[in-house]
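Spelled out from the first residue to the last, the chains are:
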Amino acid sequence: MATVRRARGIPAAWSRSPSAWSLSGRRGSSPWIILASAALLSTPLHAQLYTLHGDGVKKTERVVEKADYSDYELVWHDEFDKDGRPDPAKWNYEHGFVRNKEAQWYQPENAYCKDGMLIIEGRKEKHANPHYDPEGKNWQTTRKEAEYTSASLTTRGKFSWLYGRFEIRARFSPREGMWPAFWTLGVKEKWPMCGEIDIMEYYQSTYLANLCWGSPKKDVAKWSTTYTPLKWLQEKHADWADSFHVFRMDWDEKEVRLYADDILLNRTPLDNTVNASYKEVANPFRQPHFIILNLALGATGGDLDKLPLPQKYEIDYVRIYQKKDSPHKGTIPYRAEKLTALFRKQEKGQALRHEKSPIRTNRTGLFKEQKEGQLSLRGPDRNRLPSLRKSFHRA
C-alpha cells in the first residue's frame, strides 16, 4: 500500500500520549469513556469478550447465524487447485517492509499452492534490504536486513467488489508471534479514509473483527472493533486451534456483519461510518473494496522468540458471492475501474490525462503510456470515446 499503516485492531489514539486517549481519535472525549477504556485495558485481552465502538465500551453477545446461500451466486473465487505459484491473473503481491514495523520481509516466494491449498509460509531467514539507508527517515529504510520472510497477496490492481459475501476457509496455528489476516481496503482515498474491514485478524490469543474509517485527526482511524478470545472459542470447540474455519463477511448498503464459523462477531451499521474529511468518498463502505491475504510476524503479533518456524497460514479457498438481484453484482476489473474515472473526466470537459496509471494495453489498444507516467488518448480514437463506454462493464 501507499502508506504505512499502524497495527490493525488497536485504536490509534491509545498509542499516543494519555492526554489524547479516546476511542474516536479526538481529544476531549467524555471522562467515562476514557475511564471505561482504562479499566478494560487493565485486564488481559485473552480474558476479554467485548466490543469497542466510537461511543464507548460495550459488552457483546455472540450469536450463531447460519449462512443462507439461496439468494446468492458465486461471482469470483480461487480454490487453489493447481500446484505451484498462485494464479497471476488473480493475485498481486506486496513487497518488502510494508507496515506496522513488522519483522517480516514480504516476498512472492513464500506463497505457493499445494494439495488444493494456498500456503503462506513465515520463515526465519535473512533478507537484505535493498533500500537500506542508515540515515533514512523511516523504519523501512533504516533496517539493514530482515530476519524473517513471509508473503502478502492482494487483488489490488486486479479486482474489487461492491457489497456481497466474502468467505475464506483457513487454518493456522494460533501462537504468539503470528499475525494472519483476511481483510479489505477501499479503492479510493488514503488510509484510513479508504475504509478497512478486517474479516479475520488474529494476534496474541485474540481474534479481531474490525472496521475503520477516517476520524477528524489526520492519519488516525475511528474503529468498530470486537475482540474474541481464543480461550472462549476453544471452550465451544476443543479442537479449534487445529481445525479449518470459515470466516465470512456479509456486506450490503446498510451494514457489515463479520462471522467465524457462523458466529456473529461484529455487526456495524453503515449510516454513521462517514469520514470526517475526504476527497471523493464520504462513506468508504459504499465503494468497491479489494482483498488482502497476509501472514505478518512479530510487532503486535507478539514475541517471535517463542514462535517455532516455519509457520503456515493455509487457505482452502476464497469466495465472493453477491445477491442475484443486486444492481452492483459482478467483479470489477481494475482496468474498467480506472477507465470509468477517465470517462467521467471527459464528460466534465476536463483534460483526459491520468498520472501514473497502471493501465497497459497492447499495441492496438486505445491508450498509450508515455515516459513521464501519464496517459493520453490517441488522436483518431478521441471521437470514439462515448461509444466505447458501453464496452467496459463489470464482468
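Every value quoted in this text rests on a predicted model; they were computed, and no experiment measured them.

## Quick notes on the overall build of the protein chain
Phase 1: When helices and strands are counted, the protein chain shows five helices and 24 strands.
Phase 2: Looking at the protein chain as a whole, 52% of its 395 residues qualify as buried.
Phase 3: Here the analysis covers contacts within the protein chain between residues at least 6 apart in sequence; of these, 68% occur between residues at least 24 apart.
Phase 4: For the protein chain, the computed accessible surface area is about 18,900 Å², with 49% contributed by carbon and sulfur atoms.

## What about the pattern of salt bridges?
Phase 1: A full pass over the atoms with the stated rule returns 19 salt bridges.
Phase 2: The salt bridge involving Glu 79 is made with Arg 319; its shortest N-O contact spans 3.0 Å. Remark: Arg 319 occurs in strand β21 (residues 311-323) and Glu 79 occurs in the loop between β4 (72-78) and β5 (92-93); sequence separation between them is 240 residues.
Phase 3: Look at Arg 319 and you get partly exposed, because its relative accessible area is 22%.
Phase 4: Here Asp 262 and Arg 248 are joined by a salt bridge, their closest N and O atoms 2.7 Å apart. Residue Asp 262 is found in the loop between β18 (255-260) and β19 (263-269), and its partner Arg 248 is found in strand β17 (residues 245-251); the two are separated by 14 residues along the sequence. For the residue pair Asp 262 and Arg 248, the accessibility class agrees, reading buried in each case.
Phase 5: Among the ionic contacts, a cluster of salt bridges with common partners joins Lys 66, Arg 165, Arg 248, Asp 250 and Asp 262.

## Things to note about unusual backbone geometry
Phase 1: Following Trp 191, the chain continues to Pro 192 via a peptide bond in cis, the omega torsion being 5°.
Phase 2: Within the element layout of this structure, Pro 192 appears in the loop between β13 (178-186) and β14 (196-203).
Phase 3: Leu 309 connects to Pro 310 through a cis peptide bond whose omega is 10°.
Phase 4: Positive phi, close to 55°, is recorded for Lys 101, a residue that is not glycine.
Phase 5: On the basis of relative accessible area, Lys 101 is assigned to the exposed category, the value being 55%.

## Some points on the pairing of strand β9 (residues 145-150)
Phase 1: Across three bridges, strand β6 (residues 104-106) lies against β9 in parallel orientation. Bridge pairing in β9 places Trp 105 opposite Thr 149.
Phase 2: Here strand β8 (residues 117-128) pairs with β9 via four bridges, running antiparallel. Across the sheet, residue Lys 124 finds its bridge partner in β9, namely Tyr 148.

## Brief notes about the side chain of Asn 100
Phase 1: You can see Asn 100 is positioned in the loop between β5 and β6.
Phase 2: A distance of 3.0 Å separates polar atoms of two side chains, one belonging to Asn 100 and the other to Glu 102.

## Section: the nonpolar core
Soluble globular proteins: nonpolar side chains tend toward being buried together.
Phase 1: Phe 182, Leu 293, Tyr 313, Ile 315 and Val 318 are the most contacted members of the largest nonpolar core, which has 53 residues in total.
Phase 2: Counting residues in each nonpolar core, the second largest holds 10 residues, with Trp 183, Leu 185, Cys 194 and Ala 221 among its members.

## A short note on the packing of aromatic side chains
Phase 1: Applying the stated criterion across every chain yields a total of 18 aromatic pairs.
Phase 2: Here Trp 76 and Trp 161 contribute two aromatic rings whose centre-to-centre distance is 5.2 Å and whose plane-to-plane angle is 65°, an arrangement assigned as edge-to-face. Separated by 85 residues along the polypeptide, Trp 76 in strand β4 and Trp 161 in the loop between β11 (159-160) and β12 (164-172) bring together distant segments of the chain.
Phase 3: On the accessibility criterion, Trp 161 (0% relative accessible area) is buried.
Phase 4: Between Phe 97 and Trp 139 the ring centres are 5.6 Å apart and the planes differ by 50°, which places this aromatic pair in the tilted class. With Phe 97 in the loop between β5 and β6 and Trp 139 in helix α2 (residues 139-142), the pair connects residues that are 42 residues apart, well separated along the chain. The residues Phe 97 and Trp 139 share a single accessibility class, namely buried.
Phase 5: These aromatic residues form a ring-pair network of at least three members: Trp 76, Phe 80, Trp 91, Phe 159, Trp 161, Tyr 163, Phe 166 and Trp 251.

## A word on the confidence of the model for the protein chain
The predicted coordinates of low-pLDDT regions are not to be read in fine detail.
Phase 1: With 69% of its residues at a pLDDT of 70 or more, the protein chain has an overall mean of 79.
Phase 2: For the stretch residues 1-47, pLDDT sits under 50, and the model shows 110 contacts to residues farther than four places along the chain or on other chains.
Phase 3: Predicted confidence is poor over residues 345-395, with pLDDT under 50, and the contacts of this stretch with residues over four places away or in other chains come to 77 contacts.

## Let's talk about the state of the cysteines
Phase 1: For the coordinates displayed, the defined rule picks out zero disulfides.
Phase 2: Cysteine Cys 212 shares no disulfide, and the gap to the nearest cysteine sulfur, in Cys 194, comes to 7.2 Å.
Phase 3: According to the relative accessible area criterion, Cys 212 is buried, its value standing at 0%.

## Here we look at the pairing of strand β16 (residues 221-229)
Phase 1: Taking burial as the measure, the nine residues of β16 include eight buried ones, the bulk of the element.
Phase 2: In terms of strand pairing, strand β15 (residues 206-214) meets β16 through nine bridges, oriented antiparallel. Directly across from Ala 209, in β16, lies its bridge partner Thr 226.
Phase 3: Once β15 ends, the chain turns through six residues before running back antiparallel as β16, passing Asp 219 with a positive phi of about 65°.

## Looking at the environment of Thr 226
Phase 1: Relative to the helices and strands, Thr 226 resides in strand β16.
Phase 2: Classification of Thr 226 by relative accessible area gives buried; the value is 1%.
Phase 3: Remark: the alpha-carbon pair of Thr 226 and Asn 210, spanning 16 residues in sequence, is separated by 6.4 Å.
Phase 4: There is a polar contact of 3.2 Å between the side chain of Thr 226 and the backbone oxygen of Leu 265.

Cut-offs and rules
- Residues numbered from 1 in each chain as written.
- Predicted model: local features only at pLDDT ≥ 70, side-chain atom pairs only at ≥ 80, totals over all residues.
- Heavy atoms only, no water.
- Helix = DSSP H or I, 4+ residues; strand = E, 2+ residues; numbered from the N terminus.
- Buried < 20%, exposed > 50% of the residue type's maximum accessible area, 1.4 Å probe, protein only.
- Contact = heavy atoms within 4.5 Å.
- Areas by Shrake-Rupley, 256 points an atom, 1.4 Å probe, with all protein chains shown as cover.
- Salt bridge = Lys/Arg side-chain N within 4 Å of Asp/Glu carboxyl O.
- Pairing = 2+ DSSP bridges.
- Polar contact = N/O pair within 3.5 Å; in protein donor to acceptor, adjacent residues only side chain to side chain.
- Core = buried A, V, L, I, M, F, W, Y, C linked by side-chain atoms within 4.5 Å.
- Phe/Tyr/Trp six-rings, centres within 6.5 Å; stacked < 30°, edge-to-face > 60°.
- pLDDT = per-residue confidence, 0-100.
- Disulfide = S-S within 2.5 Å.

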